[in-house]
Protein chains: 2
Amino acid sequence: MHTQAGLQLDRRPLPPELWSALQARFGDRLTRTAAELDRHGHEESWHPGVPPDAVVFAESTAEVAELMRLCAQHRVPVVPFGAGTSLEGHVAAMAGGISLDLSRMTRIIDVRPEDGDCSIEAGVTREQLNTHLRDVGLFFSVDPGAPATIGGMAATRASGTNAVRYGTIRDVVLSLVAVMADGRVVRTGGRARKSAAGYDLTRLLIGSEGTLGIITELTVRLFPIPESIASAVCTFPSVQAAVECVIGLIQLAVPLARIEFLDAAAIDAVNRYSSLDNALAPTLFLEFHGSEAEVAAQVATVRDAIASHGAGELHWATRAEDRARLWKARHEALWAVNATRPGSRSWTTDVCVPISRLAECIVDTTADMQELPFRGAIVGHVGDGNFHCLLPLDPTSDAELEAAARFNDRLVRRALAMEGTCTGEHGIGHGKLGFMALEHGEGLAVMRAVKHALDPDGILNPGKVLPAG
Amino acid sequence: MHTQAGLQLDRRPLPPELWSALQARFGDRLTRTAAELDRHGHEESWHPGVPPDAVVFAESTAEVAELMRLCAQHRVPVVPFGAGTSLEGHVAAMAGGISLDLSRMTRIIDVRPEDGDCSIEAGVTREQLNTHLRDVGLFFSVDPGAPATIGGMAATRASGTNAVRYGTIRDVVLSLVAVMADGRVVRTGGRARKSAAGYDLTRLLIGSEGTLGIITELTVRLFPIPESIASAVCTFPSVQAAVECVIGLIQLAVPLARIEFLDAAAIDAVNRYSSLDNALAPTLFLEFHGSEAEVAAQVATVRDAIASHGAGELHWATRAEDRARLWKARHEALWAVNATRPGSRSWTTDVCVPISRLAECIVDTTADMQELPFRGAIVGHVGDGNFHCLLPLDPTSDAELEAAARFNDRLVRRALAMEGTCTGEHGIGHGKLGFMALEHGEGLAVMRAVKHALDPDGILNPGKVLPAG
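Since the model is a prediction, treat every value here as computed from it, not as a measurement. (Residues numbered from 1 in each chain as written. Chains lettered and ligands numbered in written order. Predicted model: local features only at pLDDT ≥ 70, side-chain atom pairs only at ≥ 80, totals over all residues. Heavy atoms only, no water.)

**Student:** Would you mind going over the pattern of salt bridges with me for this structure?
**Tutor:** Working definition: two side chains of opposite charge can pair if their charged atoms are close together. Under the counting rule described, the total for this entry stands at 76 salt bridges over all chains. Here A:Arg375 ties to A:Asp268 by a salt bridge, and the two come within 3.5 Å at their closest N and O atoms. Residue A:Arg375 is found in the loop between helix 14 (358-369) and strand 17 (377-381), and its partner A:Asp268 is found in helix 10 (residues 264-274); the two are separated by 107 residues along the sequence. Salt-bridge contacts for B:Glu66 lead to B:Arg25; the nearest nitrogen and oxygen are separated by 2.7 Å. Residue B:Glu66 is found in helix 3 (residues 61-73), and its partner B:Arg25 is found in helix 1 (residues 16-26); the two are separated by 41 residues along the sequence. Beyond isolated ion pairs, a larger network of salt bridges with shared partners links A:Asp110, A:Arg112, A:Asp115, A:Asp117, A:Arg191 and B:Glu419. (Salt bridge = Lys/Arg side-chain N within 4 Å of Asp/Glu carboxyl O. Helix = DSSP H or I, 4+ residues; strand = E, 2+ residues; numbered from the N terminus.)

Structure representation (structure tokens):
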């Protein structure tokens, strides 16, 4: 099934001349200690790690370009690494080579409040940027929960809890600086809000997972910090009632900032992990942004709509610290579910379907989840039609891996039959290679042609996004 | 300068075997009457036409694929044609070949109010779609003014007057069906609101102007028809005051549905052409969408903000027919300016800059426009930082063409120095080929590699987007 077995590619030892050249250039920012190789070969998921042959910590676009030119000369793979928070084996060095760690590229190059944008290096995180921005009244919106780098978010086409209002990383990036396979540095655009000047290289690189180029700098849109923010929690008598309520709210076009679903199992895990006492029922976490008047109007609309779906009371978190506690609990759901089963690692599914099919998709998936040999949970960015099953499995058990893979296979086929996608926001990595042909058909050949044109030697993150042809 | 002189490519006669094969397949939907060849070789601008060798009217994706396979066999160029409303010579058959007319592909395949999306063939226009949608309370937002096909809008990455609120065509397309250079049919995605499954072929095709593939079907997002709509007109003592007011409103993040600038010359032309009596002064046309309460709140904010910029009274158009008259006048500005000078054709500039630089850019451009040997006018989608100089020139006068080209060259360099773009929404065609290297640098080589990978024989709309290497 769709495990990584057999996916590992041929690897040859690092050429000694390349090692010497890298040592001369990067000094002690080149390393091959066992701890660093191990850390750079895996991320947060159940996927077994595949360590690189060496790690380079780059500090500028120019350094990335130099590294890339050296590796191109020797045809040695380069695997970009940000915070290591991805979930589909994106950083595994399937064919060995260099792990290029961009986490030290944390320069905030320029903030332009008058245009509502800023330019940053790829290693900047959401938290770092938003702390920096606090005094100018703006914020960076994309919030995948994990402490990812923004370069990594762009590489994997991330989104998260407030994409329903502010869009995904695809929508907020104005332009990129990227290093291509031969070391050329490309700036994909300026700062205009729109452009019709040629092919959209910005969007081509976003979601390419380091297989077409290495994103080193980004210019992104920012949004004004809302005058008023209110969060609420609300339980429902059934999964179906909760999700049908979401569908109703989306169809009413209420500009919700966040609308997150947690099933009873997820609530149970979060309660234990974060010492909370939410009622054990299918639950929505909601957030409203706007002026005081706008938020009041949104809340009134939502209150009426949810009542007709049998919802319980709206429990409010209006103080900033209560809101932070609520969203921290939501964002820690992955670890909370892992903690229900010591020693487990999570297999996290990620389908996304048209909103009208969401209730059916989640209800069918919930039924299917009962057959698993361990207890999973569901959380979701349901306003986008996107949800995750968190499957805390024993990574040493072939039977559990097989069961999870079969479950995921059925789930993806269910989502595709509903005109959805196998991944709303986590990407392909090597974990979902098996679904690319199913989802894209002839489109896969077009993707392969683009990959071959931009990386003819296949040295940019080999073994990811595109299954072997 | 940047005229089409010398850009025409080698052309060879249509192979007789291809002609026979096309005749057998398309019958009287294959034509080479002089009138049709002429009509299909040019659009609305001053650019001289370059007629194709034949025109085929396709009626389905399967037919487009068949045509493409036949033309690929014979290495004969195919130039897609929608409504012929583009402005940069996009439909000129620079190397001869077949003009592929998609305007008969007007099927509305499916409307799904519950998901707020629909699937259509490429020849559907905004007007046709919105008439069809009226009863379901939804509308298609992208409004470039001209009666373009939606396939053509996608091919040129169009936007228009309400992109400031609802986004450009890039933002509202969920997925495409396209025919590639070898006749393969690709579906670039499903209907999920977001996906991280591989390269973004949707965005790669949007704005590729028929040079990477031929868009035959689109799935697009729709928006609820707002409960309340209000439009207003407002004059300013100077161009600078008007544009600084726009900058202020955008920075306040008022969710304006439209905010359009017209200089005094544009107002004068529009008044004459549409028998209106607007005051001859720099003017903003505004539109507000929302619930009654939201519109009232937006109007209050705007009223305060514009007063501080020396604006005159807000003149309201609240009845649907008054609003329609107002926007019809705005959308006819191009023809209105041409009508100020009988026999002229318009050279339309299209730069877009970061909003904070817009006043400086327009003021400098206004001064530069005084030096032209004819009287131009400025209109703009100023909320996006995008504006057009409408230059009604005598297309038989080399001196006027040279003067316009020099003016445009200075304007583009001014915009690029401000981190803007040479084209916000009209695209490159062959009219702006000369700016691609200046705007994109190394990025141009990446675009060329993608083009070569997807159309190795260069038969998809040759001579557009990418200057000869």
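**Student:** Looking at this model, I keep getting lost on the relation of the copies chain A and chain B. Mind explaining?
**Tutor:** Of the two same-sequence chains, chain A is brought onto chain B (RMSD 0.0 Å, axial shift 0.0 Å) by a rotation of 180 degrees. On this basis, the relationship between the two copies can be described by a two-fold rotation axis. Taken together, the interface assignments show that 99% of the residues at the interface of chain A recur at the interface of chain B, consistent with an identical surface on both copies. (Least-squares fit on C-alpha atoms with pLDDT ≥ 70 in both. Contact = heavy atoms within 4.5 Å.)

**Student:** Would you explain the layout of surface pockets in this entry?
**Tutor:** Residue and element names in this part refer to chain A. Put simply, the second largest pocket is a space of about 790 Å³. Looking at the second largest pocket, it is lined by 27 residues, and the ones nearest its centre are Arg-126, Asn-130, Asp-143, Arg-258 and Ala-324. Looking at the lining of the second largest pocket, the elements with two or more residues in it are helix 4 (126-133), strand 7 (138-139), strand 14 (283-290) and helix 12 (320-331). Sorting elements by how many residues they give to the lining of the second largest pocket places helix 12 first, with six residues. (1 Å grid on protein atoms, 1.4 Å probe; cavity = no way out; pocket = protein on both sides within 12 Å on 5 of 7 lines; lining within 4 Å. Points joined across faces, edges and corners; volume = space filled by probe spheres on them.)

**Student:** Can you help me understand the interface of chain A and chain B in this one?
**Tutor:** Interfaces are often sized by the accessible area lost when the parts come together. At the junction of the two partners, chain A supplies 71 residues and chain B supplies 70 residues. Of the roughly 5600 Å² buried at the junction of chain A and chain B (both faces included), carbon and sulfur atoms supply 59%. Together, A:Lys194, A:Ala196 and A:Tyr199 form the three largest contributors to the area buried by chain A at its contact with chain B, with a combined 17%. Applying the counting criterion to the chain A and chain B interface returns eight salt bridges. At the junction of chain A with chain B, the criterion picks out 28 residue pairs in polar contact (both at pLDDT 80 or more). Elements with a minimum of two residues in the side of chain A that touches chain B: helix 7 (169-172), strand 9 (185-187), helix 8 (201-205), helix 16 (436-440) and helix 17 (443-454) of chain A. Per-element tally for the side of chain A that touches chain B: the top contributor is helix 17 of chain A, with nine residues. Residues of the side of chain A that touches chain B, tallied by class, amount to 28 nonpolar, 23 polar and 20 charged. (Buried area = accessible area lost by both parts, 1.4 Å probe. Polar contact = N/O pair within 3.5 Å; in protein donor to acceptor, adjacent residues only side chain to side chain. Nonpolar A, V, L, I, M, F, W, Y, C, P; charged D, E, K, R; others polar.)

**Student:** Sorry, what's going on with the domain arrangement of chain A here?
**Tutor:** Residue and element names in this part refer to chain A. Assigned domains within chain A: domain 1 (16-104), domain 2 (108-224) and domain 3 (226-431). Between domain 1 and domain 2, the C-alpha centre-to-centre distance is 22 Å. On the domain 2 side, the residues contacting the 16 residues of domain 1 number 20 residues. A combined buried area of about 1300 Å² lies between domain 1 and domain 2, and 69% of that area is made up of carbon and sulfur atoms. Of all residues in domain 1, Thr-61, Met-68 and His-90 give up the largest surface area on contact with domain 2, accounting jointly for 34% of the area buried on that side. At the junction of domain 1 and domain 2, the tally comes to three residue pairs in polar contact (both at pLDDT 80 or more). (Domains from an automatic or database assignment.)

**Student:** Explain the pairing of strand 6 (residues 117-121) of chain B here, please?
**Tutor:** Consecutive residues of a regular strand have side chains that alternate between opposite faces of the sheet. All names here are of chain B. For strand 6, the tally of buried residues reaches five of five residues, placing the bulk of the element in the interior. Neither face of strand 6 is open: one carries Asp-117, Ser-119 and Glu-121, the other Cys-118 and Ile-120, and all of them are buried. Inspection of the sheet shows strand 5 (residues 108-112) paired to strand 6 by four bridges, in the antiparallel sense. Along strand 6, the bridge assignment pairs Arg-112 with Asp-117. Connecting the antiparallel pair strand 5 and strand 6 is a turn made up of four residues, with Gly-116 showing a positive phi of about 60 degrees. Where strand 6 meets strand 10 (residues 214-221), five bridges bridge the pair, whose relative direction is antiparallel. Within strand 10, the residue paired with Asp-117 across the bridge is Arg-221. (Buried < 20%, exposed > 50% of the residue type's maximum accessible area, 1.4 Å probe, protein only. Pairing = 2+ DSSP bridges.)

**Student:** Would you take a moment to explain the confidence of the model for chain A for this structure?
**Tutor:** Residues shown with low pLDDT carry predicted positions that ought not to be read at fine detail. Put simply, chain A has an average pLDDT of 95, and 99% of its residues get 70 or more. Overall, residues 1-5 of chain A carries pLDDT values under 50, and its contacts beyond four positions in sequence, including any with other chains, amount to 14 contacts. (pLDDT = per-residue confidence, 0-100.)

**Student:** It is not clear to me how helix 15 (residues 398-417) of chain A should be interpreted in this structure. Could you clarify?
**Tutor:** Given 3.6 residues to a turn, an α-helix orients residues that are three or four positions apart in the same direction. Under the 1.5 Å per step criterion, the end-to-end length of helix 15 of chain A is 28 Å for 20 residues, consistent within 8% with the ideal 28 Å. Two residues or fewer after helix 15 of chain A comes A:Glu419, characterised by a positive phi angle close to 65 degrees. (Expected span 1.5 Å × (residues − 1).)

**Student:** Can you help me understand the UniProt feature "domain: FAD-binding PCMH-type" (unreviewed entry) in chain A in this one?
**Tutor:** What UniProt calls "domain: FAD-binding PCMH-type" (unreviewed entry) maps, in this numbering, to residues 48-225 of chain A. Split by type, residues 48-225 of chain A is 24% helix and 25% strand. Its first and last C-alpha atoms lie 40 Å apart. (UniProt positions renumbered as here; feature names shortened; annotations may be inferred.)

**Student:** Would you mind showing me how to read the packing of helix 17 of chain A against helix 17 (residues 443-454) of chain B here?
**Tutor:** Relative orientation and spacing of two packed helices are given, respectively, by the angle between their axes and the distance between those axes. Helix 17 of chain B packs onto helix 17 of chain A with a crossing angle of 135 degrees between their chain directions and a minimal axis gap of 9 Å. Looking at the two axes, helix 17 of chain A sits oblique to helix 17 of chain B. Helix 17 of chain B is crossed by helix 17 of chain A, and the crossing has right-handed handedness. Residues A:Val446, A:Ala449, A:Val450, A:Ala453 and A:Leu454 of helix 17 of chain A form the contact with helix 17 of chain B, whose own contacting residues are B:Val446, B:Ala449, B:Val450, B:Ala453 and B:Leu454. (Axes fitted to C-alpha atoms, helices over the stretch in contact; angles between N-to-C directions. Parallel < 35°, antiparallel > 145°, perpendicular 65-115°, else oblique. Left-handed = near helix turned anticlockwise from the far one by under 90°.)

**Student:** For this particular structure, what's the right way to read the sheet that holds strand 18 (residues 386-393) of chain A?
**Tutor:** Backbone hydrogen bonds hold the strands of a sheet together, and the pairing may be parallel or antiparallel. Residues and elements named next belong to chain A. Strand order in the open sheet formed by seven strands is 15-12-14-13-17-18-16, and the pairing between neighbours is antiparallel. Each having just a single partner strand, strand 15 (315-317) and strand 16 (345-348) make up the two edges of the open sheet. Strand-to-strand, the axes of this sheet are offset by a mean angle of 20 degrees, without reference to chain direction. Here strand 17 runs beside strand 18; their pairing, made up of five bridges, is antiparallel. Bridge pairing in strand 18 places Ala-377 opposite Leu-390. The strands touched by helix 11 (residues 292-307) are strand 12 (228-235), strand 14 and strand 15; relative to strand 14, the strand with the most contacts, the crossing angle is about 155 degrees. Each of strand 12, strand 13 (258-262), strand 14, strand 15 and strand 17 is contacted by helix 12, which is oriented at about 130 degrees to strand 14, the strand it contacts most.

**Student:** Whenever I open this one, the sheet that holds strand 9 (residues 185-187) of chain B confuses me. Can you help?
**Tutor:** All names here are of chain B. Spatially, five strands are ordered 5-6-10-8-9 in an open sheet, and the strand pairing comes out antiparallel. The outermost strands of the open sheet, each flanked by one partner alone, are strand 5 and strand 9. Within this sheet the neighbouring strands show an average axis-to-axis angle of 10 degrees, counted without direction. Pairing of strand 8 (residues 173-179) with strand 10, which is carried by six bridges, proceeds in the antiparallel orientation. Residue Val-177 lies in a different strand from strand 10, and its bridge partner there is Glu-217. Sitting on the sheet, helix 4 (residues 126-133) touches strand 5 and strand 6, and the angle it makes with strand 5 is about 45 degrees.

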